[in-house]
Amino acid sequence: MFRSLSGLTTRGRCLLAAGVAAGLCAVVLNERDLLRVAVFVVALPLCVVALASASRMTISASRSLMTERVPVGAHGEVQLDIWRTGRMPAGDVLLEDGLPYTLGARPRFVVERLPAHRRPVPLRYPVQPTLRGVHRIGPLRATITDPFGLCEFDRDLVPHSRLVVVPRVTTLWGLPRGTGLGSGEDSNIRLHTGQGETDVVVRQYRQGDDLRKVHWRSTARRDEMMVRVEERPWHSGTTVLLDHRASAHRGSGAHSSLEWAVEFTASVCLHLNKTGQRVRLVSEHGRLLADAAQHGGPGSAGAVLDSLAAVQPAHERDIVLSADPAQGQELIAVLGSVGTESVHELTRHRARGTRSYAVLLDTAAWESGDGTADGDVAVGDTAALLRAAGWGVVVAKPGRSVPDVWAELCRTTAPGASLIGGGS
């Protein structure tokens, strides 16, 4: 009872206090008419409290997201359904859904009368995310008030829901010049360069086999004709490396260098996936974030986008690798501020002639906000070190768009390309 009385509004509490005071005065003055008025004044808020407290348990609601993933800057929609589950009518219902500020203004609705027979009242509101991430919507809270405004009760109708805000994806065209990206036998040979023959599968020669696939080393060892079944257990593929260290990026919010790097990475991964490539997404330490080949089909793009939506700044200061992050595949690295030691870590595990590309962000320009910071010297030194190691390098500034940087990367030939081209 006392818990229900806590739902009284200021008006209800004043009315209850006035009724109690009138009752005391009626007893002191021996005024029966005043006592009748006092009883009515006291009984009115108590009855309203009892009815409103009971009616709040007769409503239910549900929340549904119109789409599983919403890109940054796009429009999404959330639908709420509210209905009455009991015979007791509810008063005015104020609905308020919890919404992070990055998704837009917090929605509020007032439902004056709920229909009977469990007919739901549909309500919709838009969301326009400004920052990627995995966000929580809710809880949906209902505030029930009586027509007199004497009491109100809050109740959580729907718990939290999960909304994935994925990075913006830009349409790209073309592939890096002279690269082994693509499918077919020529691509397999190029990807196999420098990897040894540990993964070669051989079998006995059968009539009709291509003589160009004779494996002479196994033939000499076994003294019978052996042929190569396949040169690699997988076909062509590309590894995209995303450097998401907090110390390697500058800026804040949606305009930071990290968000630009995530958007560029998402666009490249989906572009390569559309061309039929096996795309692996790894962190700067070689940790696998997503492998489109494991999902295949339309779900592969969703796996990459979900991984990028959940990417948060890492606390490690330097890049430390124990093996080639691309596992012999071609590598496209999206890098922030990279020191000499980190460059050494990136290059020492890559075989000479293996195609490697780097998009190097001029993070000092992001920090200044106008793209005019004098960070070109440090970026130029890093770019020179990577080019000396056989990498194709493109420097990205905050004023440049994702398609422009990708187009320049497509025109850039990695110095190691001539080594592979000459051997094929």
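In this report, we go over the structure that sits alongside the text. (Residues numbered from 1 in each chain as written. Predicted model: local features only at pLDDT ≥ 70, side-chain atom pairs only at ≥ 80, totals over all residues. Heavy atoms only, no water.)

## Looking at the packing of aromatic side chains
The geometry of two aromatic rings is summed up by the distance between their centres and the angle between their planes. The line we're drawing: Pairing of aromatic rings covers Phe, Tyr and Trp, the last through its six-membered ring, and needs centres within 6.5 Å; plane angles under 30 degrees mean stacked, over 60 mean edge-to-face, and all others mean tilted. Starting at the N terminus, helices and strands are each numbered in turn, a helix being any DSSP run of H or I of at least four residues and a strand any DSSP run of E of at least two. Throughout, exposure labels follow a simple rule: accessible area from a 1.4 Å probe, protein chains only, divided by the maximum for the residue type, with under 20% read as buried, over 50% as exposed, and the rest as partly exposed.
A complete count under the given rule lists three aromatic pairs for this structure. Here Trp-260 and Phe-264 contribute two aromatic rings whose centre-to-centre distance is 5.4 Å and whose plane-to-plane angle is 10°, an arrangement assigned as stacked. Placement of the pair is Trp-260 and Phe-264 together in helix α6 (residues 257-274), with a separation of four residues, close to one helical turn. When sorted by exposure, Trp-260 lands in the same class as Phe-264, which is buried. Following the ring pairs from residue to residue traces out a cluster consisting of Trp-260, Phe-264 and Trp-366.

## Digging into the nonpolar core
Generally speaking, soluble globular proteins have nonpolar side chains that are buried together. Here is the rule we go by: The criterion is simple. A nonpolar core is a set of buried Ala, Val, Leu, Ile, Met, Phe, Trp, Tyr and Cys residues joined through side-chain atoms within 4.5 Å. Contacts are assigned to residue pairs with any non-hydrogen atoms lying within 4.5 Å of each other.
With 38 residues, the main nonpolar core has Trp-260, Phe-264, Val-268, Leu-281, Leu-308, Val-359 and Trp-406 as its most contacted residues. In terms of residue count, the dominant contributor to this core is α6 (ten residues). Those residues in contact with Trp-260 that sit more than four places away from it in its chain are Val-359, Leu-361, Trp-366, Ala-396, Arg-400, Ser-401, Val-402 and Val-405. In this structure, Val-78, Leu-80, Val-127 and Ile-137 belong to the second largest nonpolar core, which totals 26 residues.

## Regarding unusual backbone geometry
The step from Gly-138 to Pro-139 runs through a cis peptide bond, and the omega angle for that step is 0°. Along the chain, Pro-139 falls in the loop between β7 (133-137) and β8 (140-145). In this structure, Asn-30 takes a positive phi of about 60° despite not being glycine. Note on placement: Asn-30 falls in the loop between α2 (10-29) and α3 (32-55). A residue is classified by how much of its surface remains accessible, and Asn-30, at 64% relative accessible area, is exposed. Positive phi values are uncommon outside glycine, yet Gln-327 reaches one of about 55°. Turning to its location among the elements, Gln-327 is positioned in the loop between α8 (299-309) and β16 (330-335). Here Gln-327 falls in the exposed class, since its relative accessible area comes to 52%.

## A few points about the sheet that holds strand β9 (residues 152-158)
The line we're drawing: Here a strand pair is declared whenever DSSP counts at least two bridges between the two strands. To get an axis, a line is fitted to the C-alpha atoms, and for a helix only the part in contact is used. The angle between two axes follows their N-to-C directions and goes from 0 to 180 degrees.
Taken together, the four strands give an open sheet; going across it, the order is β5-β4-β8-β9, and neighbouring strands pair in antiparallel fashion. Of all strands in the sheet, those with a lone pairing partner are β5 (108-111) and β9, marking the two edges. Direction aside, neighbouring strands of the sheet carry axes that sit 20° apart on average. Inspection of the sheet shows strand β4 (residues 92-97) paired to β5 by four bridges, in the antiparallel sense.

## Some details on the pairing of strand β14 (residues 278-283)
It is a general feature of regular strands that their side chains alternate between the two faces of the sheet. Applicable threshold: The handedness of a crossover follows from its direction of travel: if, with the strands pointing away from the viewer, the path from the first strand over the helix to the second runs clockwise, the crossover is right-handed.
The element β14 is largely enclosed, with a buried count of five among its six residues. Here six bridges tie strand β13 (residues 237-242) to β14, and the two strands are oriented parallel to one another. Residue pairing in the sheet places Thr-238 in a bridge with Val-279 of β14. Handedness of the crossover is the feature at issue here: the chain leaves β13, passes through α6, returns alongside β14, and the resulting connection is right-handed. Where β14 meets strand β15 (residues 288-291), three bridges bridge the pair, whose relative direction is antiparallel. Of the residues in β15, the one forming a bridge with Arg-280 is Asp-291. Between β14 and the antiparallel strand that follows it, β15, lie four residues; Gly-286 among them carries a positive phi value of about 85°.

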